[in-house]
Amino acid sequence: MKHITTAEKIRLADKRVYSFGEGVADGSAEMKNLLGGKGANLAEMCALGLPVPPGFTITTEVCTAFYAEGKNYPQGLEEEVETALAAMERRVGKTFGDAHNPLLVSVRSGARASMPGMMDTVLNLGLNDATVEGLAQGSGNARFAYDSYRRFIQMYSDVVLGLDHYHFEEALEEAKRDRDVILDTELDAEALVELVARYKEIVESEMGAPFPQDPKEQLWGAIGAVFTSWMNPRAITYRELHDIPAAWGTAVNVQAMVFGNRGEDCATGVAFTRNPSTGEKLYYGEYLVNAQGEDVVAGIRTPQPLTVAGKETGGDLPSMEEVMPDVFAQLVRVFDILESHYRDMQDIEFTVENSKLWMLQTRAGKRTAAASVRIAVEMVAEGLIAKEEAILRVDPLALDQLLHPTLDPKAARTVLGRGLPASPGAASGSVVFTAEEAEEKARRGEKVVLVRLETSPEDIKGMHVAQGILTARGGMTSHAAVVARGMGKPCVCGASGISVHAAEGYFLAGERKVRAGDIITLDGSTGDIMLGEVPTLQPHLSGEFAQLMQWADEVRTMQVRTNADTPEDARVARQFGAEGIGLCRTEHMFFDEDRITAIREMILSETTTQRRAALAKLLPMQRADFAGIFTQMRGLPVTIRLLDPPLHEFLPHTREEMQQVAQAIGKSVEEVEARALQLKESNPMLGHRGCRLGITYPEIYEMQARAIFEAAASLSAEFTPLPEIMIPLVMTQNELAILNTLIAGVAKEVMAETGTELPYLTGTMIELPRAALLAGDIAQVAEFFSFGTNDLTQTTFGISRDDAGSFIEIYKKRGVLARDPFVSLDTEGVGELIRIASERGRATRENVKLGICGEHGGDPASIAFCQKVGLNYVSCSPYRVPIARLAAAQAALENK
Ligand code: PEP
Ligand code: MG
């Protein structure tokens, strides 16, 4: 075993070719950037003493230089390759191009990040008309030698010469037809000799030149093809999708061939050290006897399970454990060495040649969210990793997969189109186009999916009873998306490929017409819209999940609250571990049918007396709402935001609705219409709303404050409710001062009336840049700040949430914006305002409580920022609470 010292590494910086073999390696696993994932891990395995065919890796820097120099290799590379090749020959005891005892090699790409199937591989390189005879004699198996040669010609022609596979496949089919056989393996040596001749003819006639016979020419052809494949369209697209910079480049791995296709004691296979879909600690994999790597991928023969246990799902083909017990034992030994060395689940490729195992690749295995949680927790129990590492290993966003029912991945599906994956989970139901229809059908026990051009607050009840929501318009923070996430309801929004014809009762997805009543399925995690019902799997929150969450709670320093407007949301959030409510939007409480009339009456009132009368009807309802929420939270803090209504959202839209409203409240249709027009606002809603409304119509906030205190008083015998009354859209200290006085007045009254002491805090949202800058003044009258980053982002960027979806994606593509600021906090602008406000607020009032309640409160990257600024808590929708708990724990560990 040999380990390279740092000093050596520096000295080796100009080195472009790294050798490995026989327990010695120039590189190591740490050198992924230079050697690519495959090359680095081959070196590491080799140094660990595992059986790795000798070889060498040409670095990613050569790839970068190759493109920088107009596809020319840097000087001296050829000599370095020669030296490495000579070392390889020595180690294997064979010579490249030798007619009697030829060394054959594989040439494979290997980038820093794995890019499965994106680039090219050539096997059996070094074969020609002379060496094939040497291979035949050396192995005593002419059939094997010519089979290897014909595979090589086909692969090399495809990868290096650009000659399509089908030319060769036709010839192969013809050969089988001539001999009256079905399988490739039934062609004997003589047939393969003829086939090779035919293949060479094909190359010569298609390319106008014979198949290259010089092994060195073959080698450089393959190396060039691998570097060139870095820029093939497939690879470029893959990199774009996965944010992999083109400048990283790929390495090239040249390795001595070992043969899995040399007889019945040979095989090739892939394996995981644990089950990648459940995480169970069971070896998991497949292999093929007498085959080469590409046979597994080609799917011509059905691979066999590795283990006896694996036969349950892998059919009843004999397992390797049974067929090759010796080899299986070698493999198990390697699995254990690799897991304890890398301390992570490994994904492995191997070949067996004459009962000897050879390792061709290892890397950290991709896994589902469930597997990732289970593996992390079990590895702590096994003593492989510490709790902190387990916490850091699980991607918080992946937990989403675990919290919602998901589509059965095995089920067939007909995809109609795709929108934004706005709220995860799977939903199936019959298509309805209005909220009323949704309610009506749901009442009859039918499952429905609500399809709208876009949703508005009046659709809330329809959304509530629907299994899922689909909209053609709106971005990730549109009304539909925000509300659906809050409800934990699957939602696909902004599906611009569908056109909704609600009045006619259908929508078009491309050419396809989907009518009301037809069944569709949504996948809110991918944005897919599918025809018919696709079966789902229920979420299963395992013991490991709870364990991981407990560890997360032990290390995090920020609290996690939830945004909840109903006792039901509050209950769900408590189950997910919320430690209070960070935002209860009181306007959402008014959307119920029996309340909307009263609130409309309140909005349309012309005199204070009229308004007070309408408010009196709302008081008992509000009181009951608050009591319900306090009860669920049993003394945990509950931040209640006083009314911040986009008023027009409460008003009727259609003429018909206006008539109904007018009748219900005794006004003319014209009056209702005029008022609706007058109040019309769109995002960002910067008009006469929030605390401005509270100041101009004090009776509204008075009613709400009364409802809060009366609800608290009614429960105070059981426990002490902890309301934190929050004032929206504050721009200046005075607004808050005026409203504080109003609230204090009501508090005093209720305390006197009920004879109870009622603790409470008053504070403000910071959702305007002005408020952030004046936070020092505002803190004189605010006991807490809650950053309303939805509005703060709108007001900082001058982008409306409603419009964002239409151009943010383009902005990201063009590099104007790095990310969608409505999803992940913009740390330079909005974040800077948060930092300033926090500092200035604390300078005035040292213990001012700081939290965030915009959508960003559930985004892990934003949560990491909140930790840096030192917020006391984050608040997010109920279904994101576990994500926020884990993200907060990671943030705390990373800031230690
Ligand atoms: C905000 O602006 O961030 C906020 C939480 O309030 P709303 O989304 O209700 O405007
Ligand atoms: Mg707001």
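Scroll up to find the structure this text is about.
Computed from a predicted model, the values in this text were never measured in an experiment.

**Notes on the overall build of the chain**
The helix and strand tally for the chain stands at 36 helices and 34 strands. Projecting the C-alpha coordinates of the chain onto the three principal axes gives extents of approximately 105 × 65 × 55 Å. Out of the 896 residues in the chain, the part that is buried amounts to 56%. Within the chain, contacts between residues at least 6 apart in sequence are counted, and of these 67% link residues at least 24 apart. Taking the average location of the 89 positive side-chain charges in the chain and that of its 123 negative ones, the two points are 4 Å from each other.

**Digging into the site of ligand 1**
By nearness alone, every residue bordering ligand 1 is listed as L583, R585, R641, M765, E767, G788, T789, N790, D791, R801, C853 and G854. The contact in question runs from an oxygen atom of ligand 1 to an N or O atom on the side chain of R585, over 2.7 Å. One nitrogen or oxygen atom from the side chain of E767 is found 3.1 Å from an oxygen atom belonging to ligand 1. Taken by itself ligand 1 offers 290 Å² of open surface, and the protein chains cover 94% of this.

**Notes on the coordination of the magnesium ion (ligand 2)**
The magnesium ion (ligand 2) binds to the protein through E767 (OE) and D791 (OD), with metal-donor distances spanning 2.0 to 2.1 Å. With a gap of 24 residues between them, E767 in the loop between β31 (761–766) and α30 (769–773) and D791 in helix α32 (residues 789–797) connect regions that are remote in the sequence. By relative accessible area, E767 is classed as buried at 1%. Here D791 falls in the buried class, since its relative accessible area comes to 8%.

**Focus: the packing of aromatic side chains**
What the rule picks out here adds up to 15 aromatic pairs. Grouped by ring-pair contacts, the aromatic residues F66, Y67, Y73, W220 and F227 constitute a single cluster. Positioned above the aromatic ring of W230, the side-chain terminus of R239 is 4.0 Å from the ring centre.

**Comments concerning the packing of helix α28 (residues 698–715) against helix α29 (residues 733–754)**
Following both chains from N to C, one finds α28 and α29 inclined at 40°, their axes separated by 9 Å at the closest point. If you check the angle between α28 and α29, you find them oblique. By crossing handedness, the relation of α28 to α29 is classed as right-handed. Together, P698, Y701, E702, A705, R706, F709, E710 and A713 of α28 and L739, L742, I743, V746, A747, E749, V750, E753 and T754 of α29 make up the contact between the two elements. Classifying every residue of the contact of α28 with α29 gives 11 nonpolar, one polar and five charged.

The rules behind each value
Residues numbered from 1 in each chain as written. Chains lettered and ligands numbered in written order. Predicted model: local features only at pLDDT ≥ 70, side-chain atom pairs only at ≥ 80, totals over all residues. Heavy atoms only, no water. Helix = DSSP H or I, 4+ residues; strand = E, 2+ residues; numbered from the N terminus. Buried < 20%, exposed > 50% of the residue type's maximum accessible area, 1.4 Å probe, protein only. Contact = heavy atoms within 4.5 Å. Lys, Arg positive; Asp, Glu negative; His and termini not counted. Charge placed at Lys NZ, Arg CZ, Asp CG, Glu CD. Near = heavy atom within 4 Å. Polar contact = N/O pair within 3.5 Å; in protein donor to acceptor, adjacent residues only side chain to side chain. Areas by Shrake-Rupley, 256 points an atom, 1.4 Å probe, with all protein chains shown as cover. Donors = N, O, S within 2.8 Å, 3.2 Å for Na, K, Ca; no water. Phe/Tyr/Trp six-rings, centres within 6.5 Å; stacked < 30°, edge-to-face > 60°. Lys NZ or Arg CZ within 6 Å of the ring centre and 35° of its normal. Axes fitted to C-alpha atoms, helices over the stretch in contact; angles between N-to-C directions. Parallel < 35°, antiparallel > 145°, perpendicular 65-115°, else oblique. Left-handed = near helix turned anticlockwise from the far one by under 90°. Nonpolar A, V, L, I, M, F, W, Y, C, P; charged D, E, K, R; others polar.

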